[in-house]
Amino acid sequence: TLFAKNSGTVLEKNVIEGQKIMSGEPLLKISNLENLWLIADVYESEISKVTVGSKTSINFTFLPGKTFQGKVNFIYPTLESKSRTIKVRIDLPNRNGELKPDMFANVVISGPGLKSTPVIPENAVIRGGKKDIVIVDLGNGKFKPQQVMLGIYSDGFYQVLNGLSAGNKIVTSAQF
C-alpha cells in the first residue's frame, strides 16, 4: 500500500490494481482545488491597464447571476503572436468546490484609477501618421485644427491627455 503525501482531488489515475510500477513513475495526479488559477487572455492594447494585484470580477455561464472575485497575481512575459494577447493568472478562491478546472469564464479586470480628463468620440479624431488632430469650433463659423495627445480608448471614446480642455467644442463628423 502506498500513501500520497498530500490530500486532494484525483485528477488523473495512471495505474490499475495489480500493475507493476517502476520507481519514479507517476501514479496519480492529485490537486487541492480550494484555490484555482484562472488564465485570462488580455489584448495587447489593454495590457497597460492591468497590474499585479488588479481586482477581477468573474462570471461563469453555468452559474448565471453569480459573480466571483479574484486578483491578478502574475502577468506572463510573452505575447501570443496569432491572437495578439498576453496571458494573466488570477487567484480564484474555490472554498465551496463549485468551480472545476478548465471551465470557461468572462473576466472583468479593474484598471487603475484615472484622473479626470476630456473624452472625445473616436470619429472626431483625424488620425495622422505621427499626429492626431481634432477640429475645434472657435465660434462665428471659424474652426481650427488642434493637435491632441490621446490616451486610453474604450467604447468608442478616447481620453485626451493634452491639447483640449473641458468646455472646448469640437467637430465630431464631416471634418473635411
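Thresholds applied
Residues numbered from 1 in each chain as written. Predicted model: local features only at pLDDT ≥ 70, side-chain atom pairs only at ≥ 80, totals over all residues. Heavy atoms only, no water. Pairing = 2+ DSSP bridges. Helix = DSSP H or I, 4+ residues; strand = E, 2+ residues; numbered from the N terminus. Axes fitted to C-alpha atoms, helices over the stretch in contact; angles between N-to-C directions. Core = buried A, V, L, I, M, F, W, Y, C linked by side-chain atoms within 4.5 Å. Buried < 20%, exposed > 50% of the residue type's maximum accessible area, 1.4 Å probe, protein only. Contact = heavy atoms within 4.5 Å. Polar contact = N/O pair within 3.5 Å; in protein donor to acceptor, adjacent residues only side chain to side chain. Salt bridge = Lys/Arg side-chain N within 4 Å of Asp/Glu carboxyl O. Phe/Tyr/Trp six-rings, centres within 6.5 Å; stacked < 30°, edge-to-face > 60°.

> How do you make sense of the sheet that holds strand E6 (residues 85-93) when you look at a structure like this?
Pairing between sheet strands relies on hydrogen bonds along the backbone, with the strands arranged either parallel or antiparallel. Taken in spatial order, the 5 strands of this open sheet run E3-E6-E5-E4-E7, and their pairing is antiparallel. One side of each edge strand has no neighbouring strand; the edge strands of this open sheet are strand E3 (35-43) and strand E7 (106-109). When the angles between neighbouring strand axes are averaged without regard to direction, this sheet yields 40 degrees.

> Looking at this structure, I do not really get the nonpolar core. What am I missing?
Side chains that are nonpolar tend, in soluble globular proteins, to be buried together. In this structure, Leu38, Ile58, Phe60, Val88 and Leu92 are the most contacted members of the largest nonpolar core, which totals 16 residues. Breaking this core down by element, the ones donating at least two residues are E3, strand E5 (67-80) and E6. Setting aside chain neighbours within four positions, we find leucine 38 in contact with Ile58, Phe60, Val88, Arg89, Ile90, Leu92, Ala105 and Val107. Counting 9 residues, the second-largest nonpolar core is a separate cluster that includes Val134, Val136, Leu150 and Tyr158.

> I tried to follow the side chain of glutamine 159 on my own but got confused; where do I start?
The topology assignment puts glutamine 159 in strand E12 (residues 157-162). Reaching out from glutamine 159, the side chain makes a polar contact with the side chain of threonine 117 at a distance of 3.3 Å. Filtering out sequence-adjacent residues up to four positions away, glutamine 159 remains in contact with Lys115, Thr117, Pro118, Met149, Leu150, Gly151 and Ile152.

> Is there a simple way to explain the pattern of salt bridges in this structure?
Close approach of charged atoms allows side chains of opposite charge to pair. Taken as a whole and judged by the stated rule, the model has 5 salt bridges. For glutamate 46, the salt bridge goes to lysine 49, with nearest N and O atoms at 3.1 Å. A relative accessible area of 17% places lysine 49 in the buried class. The closest approach of N and O atoms between glutamate 98 and lysine 66, which form a salt bridge, is 2.7 Å. Taken as a pair, glutamate 98 in the loop between E6 and E7 and lysine 66 in the loop between strand E4 (55-59) and E5 lie far apart in primary sequence, 32 residues in all. You can call glutamate 98 partly exposed: its relative accessible area is 25%.

> I tried to follow the environment of threonine 9 on my own but got confused; where do I start?
Positionally, threonine 9 belongs in strand E1 (residues 9-13). Taking relative accessible area as the criterion, threonine 9 reaches 38% and is therefore assigned partly exposed. If sequence neighbours within four positions are ignored, threonine 9 has contacts with Lys29, Ile30, Ser31 and Leu33.

> Before we go on, may I ask you to explain the packing of aromatic side chains in this structure?
For any pair of aromatic rings, the description rests on two quantities: the centre-to-centre distance and the angle between the ring planes. Applying the stated criterion across every chain, the model contains 4 aromatic pairs. Ring centres of phenylalanine 74 and tyrosine 76 lie 5.0 Å apart, and the angle between their planes is 85 degrees; on these two criteria the pair is classed as edge-to-face. Here tyrosine 76 falls in the partly exposed class, since its relative accessible area comes to 27%. With centroids separated by 4.9 Å and ring planes inclined at 55 degrees, the aromatic side chains of tyrosine 153 and tyrosine 158 adopt a geometry described as tilted. Judged by relative accessible area, which is 14%, tyrosine 158 ranks as buried.

> Got a minute to help me understand the environment of tyrosine 158 in this structure?
Tracing the sequence through the fold places tyrosine 158 in strand E12. Taking the C-alpha atoms as reference points, tyrosine 158 and proline 121, separated by 37 residues in sequence, lie 6.3 Å from one another. Among all residues touching tyrosine 158, those that are not within four sequence positions of it are Pro118, Val119, Ile120, Glu122, Val125, Arg127, Leu150, Gly151, Ile152 and Tyr153. At 2.8 Å, the side chain of tyrosine 158 and the side chain of arginine 127 are in polar contact.

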